[in-house]
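Here is how the chains run, residue by residue.
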Amino acid sequence: RRPQSRTELAGAEPEAGPSYEGPEYLIVAADGSAAFRTIRHAIEASEPGQTVVLKPGVYRESLALADAVTLVGDGEPGDIVIESTHDHTLLLDGEACTIENVTLRAITSSAAQPVFALAISTGRHRLSRCRRSSTSPASPTTRTRSGASLSRPTPSRCRNRSSRRTSRCCRRWC
């Protein structure tokens, strides 16, 4: 057997991913194998300081976050997809949300009604290892209102994709 990673080449044991066990984590699985099937229900049940962990899957929901919430995908960003067809996929309207390891996808065919993968109304937020995409011919992937921002140095290692050949999607952040 050939070594598959640099860790194996060096002779060390591969590092295990983070363990999401304990009362500070609320686990969501789209297939119903965890305590929550939807992100919305986990967020509604969360207490300050808890983290909502998303297992790999496609979550078809539109979310508006008004409180400081931490959403973490348990895997690669392409394995955890939050998508919406008629509204913004994720609206950040709180003070300090953290989003990690997820793909935000806005799907629409209407040029008259732009929808965004990420819309930021207020607050200062952190995105890390996130992908954002929009199929709308008229929409960039991200929209911010005056006074809202993503905290530096994030989003880090994020990717934006738009159906437009030249995307207007927050190049200064990524």
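Only a predicted model underlies this, so the values are computations on that prediction, with no experimental measurement involved.

Rules used throughout
Residues numbered from 1 in each chain as written. Predicted model: local features only at pLDDT ≥ 70, side-chain atom pairs only at ≥ 80, totals over all residues. Heavy atoms only, no water. Helix = DSSP H or I, 4+ residues; strand = E, 2+ residues; numbered from the N terminus. Contact = heavy atoms within 4.5 Å. Areas by Shrake-Rupley, 256 points an atom, 1.4 Å probe, with all protein chains shown as cover. Salt bridge = Lys/Arg side-chain N within 4 Å of Asp/Glu carboxyl O. Buried < 20%, exposed > 50% of the residue type's maximum accessible area, 1.4 Å probe, protein only. Phe/Tyr/Trp six-rings, centres within 6.5 Å; stacked < 30°, edge-to-face > 60°. Core = buried A, V, L, I, M, F, W, Y, C linked by side-chain atoms within 4.5 Å.

### Details of the overall build of the chain
No. 1: Counting its secondary structure elements, the chain contains two helices and 15 strands.
No. 2: Considering only contacts within the chain whose residues lie at least 6 apart along the sequence, 63% involve residues at least 24 apart.
No. 3: Here the chain displays about 9600 Å² of accessible surface, and carbon together with sulfur accounts for 46% of that area.

### Structural notes on the pattern of salt bridges
No. 1: A full pass over the atoms with the stated rule returns five salt bridges.
No. 2: Asp74 serves as the salt-bridge partner of Lys55, at 2.7 Å between the closest nitrogen and oxygen. With a gap of 19 residues between them, Lys55 in the loop between strand 2 (51–54) and strand 3 (57–60) and Asp74 in the loop between strand 5 (70–73) and strand 6 (80–84) connect regions that are remote in the sequence.
No. 3: Judged by its relative accessible area of 30%, Lys55 is partly exposed.
No. 4: When its relative accessible area of 22% is taken as the criterion, Asp74 is described as partly exposed.
No. 5: Between Arg126 and Glu100 there is a salt bridge, with the nearest N and O atoms lying 2.6 Å from each other. Of the two residues, Arg126 is situated in strand 11 (residues 124–128) and Glu100 in strand 8 (residues 98–100); the sequence distance between them amounts to 26 residues.
No. 6: Look at Glu100 and you get partly exposed, because its relative accessible area is 22%.
No. 7: The structure contains a network of salt bridges with shared partners spanning Arg60, Glu83 and Arg105.

### Points about unusual backbone geometry
No. 1: Although it is not a glycine, Asn101 adopts a positive phi angle of roughly 60°.
No. 2: In this structure, Arg129 takes a positive phi of about 50° despite not being glycine.
No. 3: With respect to the element layout, Arg129 can be found in the loop between strand 11 and strand 12 (131–134).

### Concerning the packing of aromatic side chains
No. 1: Enumeration over the complete set of coordinates arrives at one aromatic pair.
No. 2: Between Tyr20 and Tyr25, the ring centres sit 5.2 Å apart and the planes meet at 80°, which makes this aromatic pair edge-to-face.

### Points about the nonpolar core
No. 1: Ile39, Leu54 and Leu65 are the most contacted members of the largest nonpolar core, which totals 28 residues.
No. 2: For this core, the elements supplying multiple residues, two or more each, are strand 1 (25–28), helix 2 (39–45), strand 2, strand 4 (63–65), strand 6, strand 7 (90–92), strand 9 (103–106) and strand 10 (118–120).
No. 3: Take this core: its biggest share by element is three residues, from helix 2.
No. 4: When neighbours within four sequence positions are excluded, Leu65 is seen to be in contact with Ile43, Leu71, Leu90, Leu91, Leu92, Asp93, Gly94, Cys97 and Ile99.

None of the figures reported here should be taken as evidence of function without further support.
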